[in-house]
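# Observations on chain architecture
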Amino acid sequence: MKLESQSLTALREALERLERGFEQLPDARQAPLDAAGRDVLLEVAERLQDNYPYFHPLYAGQMLKPPHPVARAAAALAAWVNPNNHALDGGRASSRMEKEAVAQIARMFGWDSHLGHLSSGGTMANLEALWVAGKLNPGLRVAASSQAHYTHQRISAVLGLDFVAIAVDSKGRMDMADLERKLAAGAIGTVVATMGTTATGSVDPLPQILALRERYGFRLHADAAYGGYFGLADNLRPETAAAFAQVGAADSIVIDPHKHGMQPYGCGCVLFRDPGVGRLYKHDSPYTYFSSSELHLGEISLECSRPGASAVALWATQRLLPLERGGEFAGMLASGRRAALALHAKINADPRFMPAFAPELDIVVWAVRADSVAAASNHARSVFEETARRGLHLAVAELPTAFFDLARAGMKEDRPTITCLRSVLMKPEHAEWVDRIWGLLSQSTDAVIAARTAHAD
């Protein structure tokens, strides 16, 4: 709470400085909240308690990471002005901050020249990337792995593009043999490489995909919405590090600052290696782009009104925590990965569980051992519910049974997918909480086993 108190004090001081800049306007200062407004905010606070404790290390389920205090404060400060980053008319300072922040992300991938902007999230960012791909390769299909985010198939349908799913290997990565077979059949214009799948954090083998691009000439889009920042981490396994080292060879990249970038939700980013694709966005708006001859962000994006507060929050966070290898921000990524490896090691050594594969990033998936896949799926849901009762919040995922060694576990394969437990250890603090997480998981599993045994008797 001390950090939060310091953040609020800093926010008040910054707000006073901002208001002084508008003192020449007699009615610029906003009126303080009256009693009715205060009561409404207190009611809001009560209503917001109906949530999981996303900020806490014992929330280790979905991809939810608290924004950095500086990001929260900067967004709140910008909301006082309420800039709109569609045109410079509505957000001069925040538009420039967006361009600077996006350029910093582009440089993380080795791009000094690029076209890019922020978006409301990864879905909209991926839509723009595939929209450009469809314009450049009309009539050709989009290919992505069967473990890629479902948004690619949905976006393709929205854009009127045919979509083809590529099989994955036993570790959730795009299968190169299946990709080459489908490329050889023709009509694929764009391949999406997923740099960190949503379910398991698997990273598609980008060097091999690039080698196929040399032969088949497709457009390559890197969906790095979740994993994109991990190129800064120093503890990836060699093949994963090699994949991230070549993300800059893609034609377009999507990354979500509102995941590992510690931003409030509503902040995605799309980047294009060739600035010339900006011609595809060209449109007329004589009532909008009139205040400056500079490029307005609305002239290179499909979204219209976009909150400038997102850009301000991102700029402030990157100012405090630069995107550089060996820096504090990179250390946070490495910490989450250490936590995932530590939890996986405990799970792998315990006969009650059956892990899938070692995590590539910071996501761990595992099944509860049972006589059959159906029984294991039921047990996983029971453990999920029991851990929540004890204050540990995990997630469940439905994954192909091929990700697990069923034969070694002596498990009957009576269904093609298995419900398993999933943990996203993306908070830096998770490294210090692995023992506590493991203890609650172990206790919860013992309770489920005991209840199952008693019921059988």
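A brief look at the structure comes next. A quick note: this is a predicted structure, and the numbers were derived from the prediction, not measured.

Turning our attention to the sheet that holds strand 8 (residues 353-355). Here four strands make up an open sheet; going across it, the order is 8-9-11-10 and the pairing antiparallel. The open sheet has two edge strands, strand 8 and strand 10 (395-400), and neither has a second partner. Strand-to-strand twist of the sheet, defined as the mean angle between neighbouring strand axes without regard to direction, takes the value 40 degrees. As defined by bridge partners, strand 9 (residues 363-368) adjoins strand 11 (residues 417-424) across four bridges and the pair is classed as antiparallel. The residue bridging Val364 from the neighbouring strand is Ser423, located in strand 11. In the packing of helix 11 (residues 328-348) onto the sheet, contacts are made with strand 8, strand 9 and strand 11, and the angle to strand 9 comes to roughly 15 degrees. Along the sheet face, helix 12 (residues 373-389) touches strand 9, strand 10 and strand 11 and points at about 30 degrees away from the line of strand 11.

A few words now on the side chain of Thr197. In this structure, Thr197 sits in the loop between strand 4 (188-194) and helix 8 (206-216). Of the residues examined, Thr197 reaches a relative accessible area of 1% and is grouped as buried. At 3.1 Å, the side chain of Thr197 and the side chain of Thr200 are in polar contact. If near-sequence neighbours (up to four positions away) are discounted, Thr197 is found in contact with Met63, Gln147, Gly172, Ser202 and Ile363.

Residues Ile105, Val191 and Met195 are the most contacted members of the largest nonpolar core, which totals 57 residues. Broken down by element, the residue count for this core peaks at five residues, all from helix 4 (residues 92-108). Not counting residues within four places of it along the chain, the set of residues in contact with Ile105 comprises Tyr229, Ile255, Pro257, Cys269, Leu271, Leu314, Gln318 and Leu323. The next biggest cluster of nonpolar side chains, apart from the first, holds 22 residues, and it includes Leu343, Phe353, Ile437 and Trp438.

The next thing to look at is helix 8. Of all the positions in helix 8, only Leu206, Ile209, Leu210, Leu212 and Arg213 are classed as buried. Burial along helix 8 is one-sided: seen end-on, the buried residues are contained in an arc of 160 degrees. Exposed side of helix 8, more than 90 degrees from the buried face: Glu214 and Arg215 are the residues found there. A positive phi of about 65 degrees marks Gly217, the residue just after helix 8.

Enumeration according to the criterion identifies zero disulfides in this entry. Cys267 takes part in no disulfide bond, and the closest cysteine sulfur to it belongs to Cys269, at a distance of 7.5 Å. Of the residues examined, Cys267 reaches a relative accessible area of 1% and is grouped as buried.

Let's shift gears to the environment of Glu128. You can see Glu128 is positioned in helix 5 (residues 122-136). Sequence spacing of Glu128 and Ser377 is 249 residues, and the spatial spacing of their C-alpha atoms is 37 Å. Setting aside residues no more than four positions away along its own chain, Glu128 makes contact with His117, Val270, Phe272, Tyr281, Ile300, Ser301, Leu302 and Glu303.

About the thresholds
- Residues numbered from 1 in each chain as written.
- Predicted model: local features only at pLDDT ≥ 70, side-chain atom pairs only at ≥ 80, totals over all residues.
- Heavy atoms only, no water.
- Pairing = 2+ DSSP bridges.
- Helix = DSSP H or I, 4+ residues; strand = E, 2+ residues; numbered from the N terminus.
- Axes fitted to C-alpha atoms, helices over the stretch in contact; angles between N-to-C directions.
- Contact = heavy atoms within 4.5 Å.
- Buried < 20%, exposed > 50% of the residue type's maximum accessible area, 1.4 Å probe, protein only.
- Polar contact = N/O pair within 3.5 Å; in protein donor to acceptor, adjacent residues only side chain to side chain.
- Core = buried A, V, L, I, M, F, W, Y, C linked by side-chain atoms within 4.5 Å.
- Arc of directions from axis to C-beta.
- Disulfide = S-S within 2.5 Å.

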